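Tertiary structure, described
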Amino acid sequence: MLSNISIKKYLDSRDIIIEPWSEEMMGAARISIHFGEKILVPKGDAVVDVVRGITPDYEESQLTTQDPFRLDPGAFILGETLERIGLSEKIGMILDGRSTLARLGLTVVQTAMIVDTGQRPKKMTLEVKNNGPHPILLYPKMKFCHAAFFLLNPPATIRYDTDGKYLSDDSQHPIFKKEIKSDKS
């Protein structure tokens with residue numbers, strides 16, 4: 001895991017890119033990441049069949065400080081980071097929740113904690129669920145999770161932005177990545 005000294009070094013060399021960036025985001029061994037302004041809420045009661053490519057439809061909502069999203073107990077949404085994050089082939093990243101929110105029952109990543117290396121700067125998708133007993137209001141730009149970084153030694157020879165399973169497609173919603181069918185699946 002990289003310390004603040006190493007994180008700063010890799011921010012300066014652009015092996016880690018965080019936009020927008022503020023020094024207040026830096027911690028001893030992590031960076032605070034903020035919640036974005038768009039969410040996707042699953043619609044209906046579709047039976048999901050990932051083998052056959054049947055996934056739920058989503059409704060997009062725009063958050064404002066005057067109109068936060070109420071996440072009820074048991075509810076699940078897709079969110080995005082406010083920051084665009086990029087990684088070179090040297091750096092890996094783990095997204096993890098903040099203990100302040102975890103104590104309320106909020107999880108910000110269900111199982112997809114590791115962010116692959118070789119990412120062009122983009123907003124990261126967050127799988128958000130309220131496991132607690134009380135509704136939680138979600139505001140844009142609130143401190144939401146942490147990013148911890150690690151060094152790959154040697155650097156990876158595969159880039160996520162060219163070889164990854166879920167790639168951003170400008171024709172798709174930016175926080176719901178379309179699965180690209182390939183022989184690698």
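1. Observations regarding the pattern of salt bridges
Following the criterion strictly, the structure yields six salt bridges and no others. In this structure, the salt-bridge partner of Lys 8 is Asp 12, at a minimum N-O distance of 2.9 Å. Placement of the pair is Lys 8 and Asp 12 together in helix α1 (residues 4-12), with a separation of four residues, close to one helical turn.

2. Re the environment of Met 124
With respect to the helices and strands, the residue Met 124 is situated in strand β9 (residues 119-130). For the pair Met 124 and Glu 80, spaced 44 residues apart in the sequence, the C-alpha separation amounts to 5.5 Å. With residues near it in sequence (within four places) discarded, Met 124 still touches Gly 79, Glu 80, Thr 81, Glu 83, Ile 85, Met 93, Leu 95, Val 115 and Gln 119.

3. With respect to unusual backbone geometry
Pro 20 follows Glu 19 through a cis peptide bond whose omega is 0°. Following the sequence through the fold, Pro 20 ends up in the loop between β1 (16-19) and β2 (31-42). With an omega dihedral of 0°, the bond running from Asn 153 to Pro 154 counts as a cis peptide bond. Following the sequence through the fold, Pro 154 ends up in the loop between β11 (143-151) and α3 (160-163). Phi is positive for Arg 14, close to 70°, though the residue is something other than glycine. Mapped onto the elements, Arg 14 comes out in the loop between α1 and β1.

The rules behind each value
Each chain carries its own residue numbering, running from 1 in the written order of its sequence. Restriction of local features to residues with pLDDT of at least 70 applies here, the model being predicted, together with a cutoff of 80 or more for giving and counting side-chain atom pairs; totals for whole chains, interfaces and linings are based on all residues. The basis for every side-chain value is the complete set of non-hydrogen atoms in the structure, without hydrogens or water. Salt bridges are defined by distance alone: a side-chain nitrogen of Lys or Arg within 4 Å of a carboxyl oxygen of Asp or Glu. Numbering of helices and strands runs from the N terminus, with a helix taken as a DSSP run of H or I at least four residues long and a strand as a DSSP run of E at least two residues long. By definition in these notes, contact holds between two residues if any of their heavy atoms fall within 4.5 Å.

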